[in-house]
Amino acid sequence: MTTTSDRTTALPGRPPVVDMATWQAARDELLVREKAHTRAGDALAADRRRLPMVEIDGTAEVVGADGPVPFVDLFGGRDELLVYQHMWHDGAPHQGQCEGCTLSAWHLRDTSYLQARGVAFAVLTEGPWDEVEPFVAFMGYTQPWYSVRGVPQPIGEIMGSITCFLRDGDRVFLTYTTTGRGGEVASPTFALLDLTPYGRGEAWQDVPDGWPEGREACWYWRTDADGNATWGPTGRPVPQWTRPGATPEQTLGRNGHHH
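Computed from a predicted model, the values in this text were never measured in an experiment.

Participant: How would you explain the pairing of strand 8 (residues 171-179) if you had to name every residue and give the values?
Facilitator: The sheet contact formed by strand 1 (residues 54-56) and strand 8 spans three bridges and is antiparallel. Counterpart to Ile56 in the pairing with strand 8 is Val172. Note that strand 7 (residues 161-168) and strand 8 share eight bridges and pair antiparallel. Bridge pairing in strand 8 places Arg167 opposite Val172. Here strand 7 folds back onto strand 8, and the loop between the two strands holds two residues, one of which, Gly169, carries a positive phi near 65 degrees.

Participant: Go over unusual backbone geometry, please, and point to the residues and values.
Facilitator: Following Gln153, the chain continues to Pro154 via a peptide bond in cis, the omega torsion being 0 degrees. Notably, Glu157 is not glycine yet its phi reads approximately 75 degrees, a positive angle. Along the chain, the position of Glu157 falls in the loop between strand 6 (145-147) and strand 7. Located in the positive-phi region is Cys218, a residue other than glycine, with phi close to 70 degrees. Along the chain, the position of Cys218 falls in the loop between helix 5 (188-195) and strand 9 (222-223). Accessibility expressed as a relative area gives 19% for Cys218, which makes it buried.

Participant: Account for the pairing of strand 3 (residues 67-70), with residues named and values stated.
Facilitator: The two faces of the sheet receive side chains in turn, since in a regular strand these alternate between them. Note: strand 2 (residues 61-64) against strand 3, four bridges, orientation antiparallel. Looking across to strand 3, one finds that Gly64 is bridged to Gly67. In this structure, the hairpin formed by strand 2 and strand 3 is closed by a connection of two residues.

Participant: Please set out the packing of aromatic side chains residue by residue, giving values where relevant.
Facilitator: Taken as a whole and assessed by the stated rule, the structure comprises ten aromatic pairs. Residues Trp88 and Phe135 carry aromatic rings whose centres are separated by 5.4 Å and whose planes lie at 85 degrees to one another, so their mutual orientation is edge-to-face. A residue pair is termed long-range when its members are at least 10 positions apart, and Trp88 in the loop between strand 4 (80-86) and helix 2 (99-107) and Phe135 in helix 4 (residues 129-139) qualify at 47 residues. In this pair, the class of Trp88 matches that of Phe135, namely buried. With a centroid separation of 6.2 Å and an interplanar angle of 65 degrees, the aromatic rings of Trp106 and Tyr141 are classed as edge-to-face.

Participant: Which residues make up the side chain of Arg222, and what are the values?
Facilitator: Among the secondary structure elements, Arg222 is positioned in strand 9. Classification of Arg222 by relative accessible area gives buried; the value is 0%. Engagement of the side chain of Arg222 in a polar contact is seen with the backbone oxygen of Gln95, the distance being 2.7 Å.

Rules behind the numbers
Residues numbered from 1 in each chain as written. Predicted model: local features only at pLDDT ≥ 70, side-chain atom pairs only at ≥ 80, totals over all residues. Heavy atoms only, no water. Pairing = 2+ DSSP bridges. Helix = DSSP H or I, 4+ residues; strand = E, 2+ residues; numbered from the N terminus. Buried < 20%, exposed > 50% of the residue type's maximum accessible area, 1.4 Å probe, protein only. Phe/Tyr/Trp six-rings, centres within 6.5 Å; stacked < 30°, edge-to-face > 60°. Polar contact = N/O pair within 3.5 Å; in protein donor to acceptor, adjacent residues only side chain to side chain.

In structure tokens form, the structure reads like this:
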């Protein structure tokens, strides 16, 4: 019988085996570069705080669980608001909704530390509220979600972004937005995988010769009912398999426009 201790992975490539002193010397050398990276990030954050801002229409109506409300209400009386802008496939079932945005929104289920710092949080999406509401219930999200269908930028239209706003009384200002890999700040899984020997397992990674070949970007964001990574019709965004009532599927049901 094969026990857990007998098993080994089939992946090729291993770091070289050395004594502790040699490992510590290499670790200390890398730490110097890591600290420089951290300080460079601090400098970028300082520059980010010095960006100008632009006034937007805080009276623009968004639709949430309590019906239409002016955008300024999302601040909940706080001075700062951070939103995640979630893409939407019109008419698609739960498993057909955006896997990348699911990844970010799943990591942002608890923003109590943002609130303790005085920063409000909400998820915005261009999906119609009658489609969004059952999706939010299925996923078990407790953060406030709002439909911004028909609302112009920067509140609506451009999804898949993290955007920050500042309030001064009834006036609302856009201060910052980021998308693409800029959104990785919302998903600590990326940074944690980057600490591991094999990283994200994606093709673009720089890895030593002889190590496992990387797969396409984001390959592990969807899996089938057996846990196999797939972007085919049997897949769901990974967190959905934790939800009560999640069943095997045969279609993503994506027929509508992707917002």
